[in-house]
Amino acid sequence: MSRATTKKLGSWKRPQVMVNEGKENQNFPYVSLKPIPKVVLEKVLKVHLAAFPPNDEELDQGALCVKTEINTVYRGILTTKMEATSSRAESTLHKTSLDAHPENNMPQHKSTSDTVNLSVDTESSQDGDSDEDNMPGLEDFPELSPYERKRLKNISENANFFASLQLSESAARLREIINKRQPSESKRKKPKKRENETGCRRSMRLLRVDPSGVPLPETPTQPTLEADENPLLPPGPLEMIPDNQDANEVFKGFLQTWSEMSKTSRNNAVKELSSLKSYKNNLCGMVISQDTVCKVTSGSVFSIALHPSETRTLVAAGAKSGQIGFWDLTQHPKEDGVYIFRPHSQPVSCLYFSPTNPAHILSLSYDGTLRCGDFSRAIFEEVYRNESTSLSSFDFLAEDASTLVVGHWDGSMSLVDTRTPGTSHEKLTKCSMEKIRTIHVHPVHRQYFITAGLRDVHIYDARNLSPRARQPLISLTQHTKSIASAYFSPVTGNRVVTTCADCNLRIFDSSCVSSRLPLLTTIRHNTNTGRWLTRFRAVWDPKQEDCVIVGSMAYPRRVEIFQETGKCLHSFLDGEYLASVCSINAMHPTRYILAGGNSSGKVHVFMN
């Protein structure tokens, strides 16, 4: 560097540079101002802790092991320091040689924070204590700094101090004391019973003695019979005896009225369906009043049927308790027109008037019996009985009501001939369904019938039923939860409506009974009735081929009619006289009369 250049740079103060004072750096005239990355070396000390030895000899051996480990660790630290120092020195020499060129020696203005610190922990040796003599083992390591020697001395003194406390011996003595102590077994001694001690006072009635102390004569014990809440009624016909009224002249007039119904001829000709506009107008004219609401049974209504009479309004309701209530709405006061019978001991789940004799009503119950109420003879005749399984539903397989198809709760079915009651029936083996809740026969092709089970709807052909052939003709598997009912449309049978617990009413096209029935409409409808209300069962209006009647959980309480397209045509509601859920509903086959039953035994009737 020339003197001129040196004079120009004289006015600029060179920042102080901390360099290592080693001999290898004294021959260089200039050291670069470029900062060198600082390397931080951490000291790692490994100390192995072990349980105190039981005697002093083993303690000395443990201390010797600790010292040896410490020496080994510090040897590694010193080796690492020396390697790092040599590597940094080499890098410093290399950079210094590069900075010797004039073009690289221009001053660079930098802050004092960029000062290079090349010292390698030399300060620690100046601050350390010098009294490390008499330290056993340290003379073998002259390269250790005074600070490191002081640390090793402190570790050794601490180990000697803890050894002088004799903690291992104290722990051994405490362990012996604990082992000697054994928990005392505190067993409560039972007090000895005194022979002459008098017992507690007891009543003379329980001691079976009279007031004078003379024992009473023992009465013969009677065998206790287990009370059955729902005992099965005896087989055979049962006499019609009303539970709520006496068998007086009024009751005889009631039986006479029903027997005369069998002599009236029914018009079996198929009527033309009314237009949708006319049908809606007739529905709007149906009202409810105080005289058309009455308690007919003492329990929840499980089934309901309307007599097909054109002149009188007669309603029959089957109850959970096994009762069947008959209500003649033409009687005033209305309580005089209600007669309650008990032909069953368990819920009456299915109730139909005979299609050939309207004075006959057939009822099916969970108790395994199917009876026919004949008002002309005032008896309930037994048609079918099966005490091994519970019955769930039935329908007329023949148009003249001579044969019936009966569904069982266990998934089996029976064909019953009503002309030979109790003797001629064919019980089919269990089908592929786990349960059968409802069973319904096709109105035109009566060899087909549909069953609603746990989660499937099956269609069977009665001509191909046998114990070996149990597979259904068609299965509807679109349902995700349990199914309450499935019914064909009343006139042509071209539609099927199902009620499912997934809050959907589904309508299928059954105009062509083939391998599958296409789904036409899904109607969203709340069917969560809970455990205290009877489950909804959507049924067809016998006067209208494409309209469905179903109860509702909406407020205010109502009964709704849906078209097969999913449109709600009408809602029967009345805030004064309809304040409960009508789960079971039925429509008159020819007149505009709707009857709905709730879970308290009341029947609500809407009529023109």
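The rules behind these values
Residues numbered from 1 in each chain as written. Predicted model: local features only at pLDDT ≥ 70, side-chain atom pairs only at ≥ 80, totals over all residues. Heavy atoms only, no water. Helix = DSSP H or I, 4+ residues; strand = E, 2+ residues; numbered from the N terminus. Contact = heavy atoms within 4.5 Å. Areas by Shrake-Rupley, 256 points an atom, 1.4 Å probe, with all protein chains shown as cover. Buried < 20%, exposed > 50% of the residue type's maximum accessible area, 1.4 Å probe, protein only. Pairing = 2+ DSSP bridges. Phe/Tyr/Trp six-rings, centres within 6.5 Å; stacked < 30°, edge-to-face > 60°. Lys NZ or Arg CZ within 6 Å of the ring centre and 35° of its normal. Core = buried A, V, L, I, M, F, W, Y, C linked by side-chain atoms within 4.5 Å. Axes fitted to C-alpha atoms, helices over the stretch in contact; angles between N-to-C directions. Polar contact = N/O pair within 3.5 Å; in protein donor to acceptor, adjacent residues only side chain to side chain.

Trainee: For this particular structure, what's the right way to read the overall build of the chain?
Mentor: What the chain contains, in helices and strands, is seven helices and 29 strands. Counting contacts in the chain only where the partners sit at least 6 residues apart, residues at least 24 apart contribute 54% of the total. Carbon and sulfur atoms form 52% of the exposed surface of the chain, whose accessible area is close to 36000 Å².

Trainee: How should I be thinking about the pairing of strand S11 (residues 391-396) in this particular structure?
Mentor: For a regular strand, side-chain orientation follows a simple rule: the groups alternate between the two sheet faces. Most of S11 sits out of view: six of its six residues are buried. Pairing between S11 and strand S12 (residues 403-408): five bridges, direction antiparallel. Counted as the bridge partner of Phe396 is Leu404 from S12. In sequence, S11 turns back onto S12 through a hairpin of six residues, with Ala401 there showing a positive phi of about 65°.

Trainee: Where do I start with the packing of aromatic side chains in this structure?
Mentor: The geometry of an aromatic ring pair is captured by the separation of the ring centres together with the interplanar angle, meaning the angle of the planes. Inspection of the entire model under this criterion finds 17 aromatic pairs. Three or more aromatic residues joined by ring pairs form one cluster here, namely Phe251, Phe254, Phe326, Tyr339, Phe341, Phe375 and Phe380. Over the aromatic face of Tyr592 sits the side chain of Lys543, whose NZ or CZ is 4.8 Å from the ring centroid.

Trainee: What should I look at first to understand the nonpolar core in this one?
Mentor: In summary, soluble globular proteins display a tendency toward joint burial of nonpolar side chains. Counting residues in hydrophobic clusters, the biggest one holds 31 residues, and the most contacted among them are Leu283, Met286, Ile561, Phe572 and Leu594. The set of elements that each furnish at least two residues to this core consists of helix H7 (276-284), strand S21 (504-509), strand S23 (539-540), strand S24 (547-551), strand S25 (558-563) and strand S26 (568-573). Looking at this core, the element that brings in the most residues is S24, giving four residues.

Trainee: Honestly, the sheet that holds S24 in this entry has me stumped. Any pointers?
Mentor: Backbone-to-backbone hydrogen bonds pair the strands of a sheet. The strands run either parallel or antiparallel. Strand order across the open sheet formed by four strands is S23-S24-S25-S26, with antiparallel pairing between neighbours. In this open sheet, the two strands that pair with only one neighbour each are S23 and S26. Inspection of the sheet shows S23 paired to S24 by two bridges, in the antiparallel sense. Bridge pairing links Trp540 to Val548 in S24. Taken strand by strand, H7 contacts S24, S25 and S26, and its axis lies near 10° from that of S26.

Trainee: Got a minute to help me understand the environment of Val559 in this structure?
Mentor: Inspection of the secondary structure puts Val559 in strand S25. Classification of Val559 by relative accessible area gives buried; the value is 2%. Beyond its immediate sequence surroundings of up to four residues, Val559 is in contact with Ile549, Val550, His570, Ser571, Phe572, Cys582, Asn585 and Leu594.

Trainee: What is the right way to read unusual backbone geometry from this model?
Mentor: For residues other than glycine, phi is negative in most cases, and the peptide bonds are mostly trans. A cis amide bond, omega -5°, links His332 with the succeeding residue Pro333. Of note, the bond from Tyr555 into Pro556 is cis; its omega dihedral lies within 30 degrees of zero at -10°. Mapped onto the elements, Pro556 comes out in the loop between S24 and S25. Residue Ala378 is not a glycine yet carries a positive backbone phi of 60°. Structurally, Ala378 can be placed in the loop between strand S9 (369-374) and strand S10 (379-385). Positive phi values are uncommon outside glycine, yet Ala401 reaches one of about 65°. Residue position: Ala401 is located in the loop between S11 and S12. Exposure remark for Ala401: the relative accessible area of 11% places this residue in the buried category.

Trainee: Just checking my understanding: could you explain the side chain of Arg495 for this structure?
Mentor: Note that Arg495 resides in strand S20 (residues 495-500). A polar contact of 2.9 Å, which involves the side chain of Arg495, links it to the side chain of Glu564. Excluding anything up to four places from it in sequence, Arg495 contacts Tyr487, Phe488, Ser489, Ile507, Phe508, Asp509, Ser510, Leu520, Trp540 and Glu564.

Trainee: Sorry, what's going on with the sheet that holds strand S5 (residues 324-328) here?
Mentor: Taken together, four strands build an open sheet; the order of strands is S3-S4-S5-S6 and the sheet is antiparallel. The open sheet has two edge strands, strand S3 (301-306) and strand S6 (338-341), and neither has a second partner. Taken pair by pair, the neighbouring strands of this sheet meet at an average axis angle of 20°, ignoring direction. Where strand S4 (residues 314-319) lies against S5, five bridges are found, and the strand directions are antiparallel. Within the sheet, the bridge partner assigned to Leu314 lies in S5 and is Asp328. Helix-sheet contacts for helix H6 (residues 249-261) involve S4, S5 and S6, and the interaxial angle to S6 is about 85°.

Note that every value here comes from positions in space, so none of it alone points to a role or purpose.
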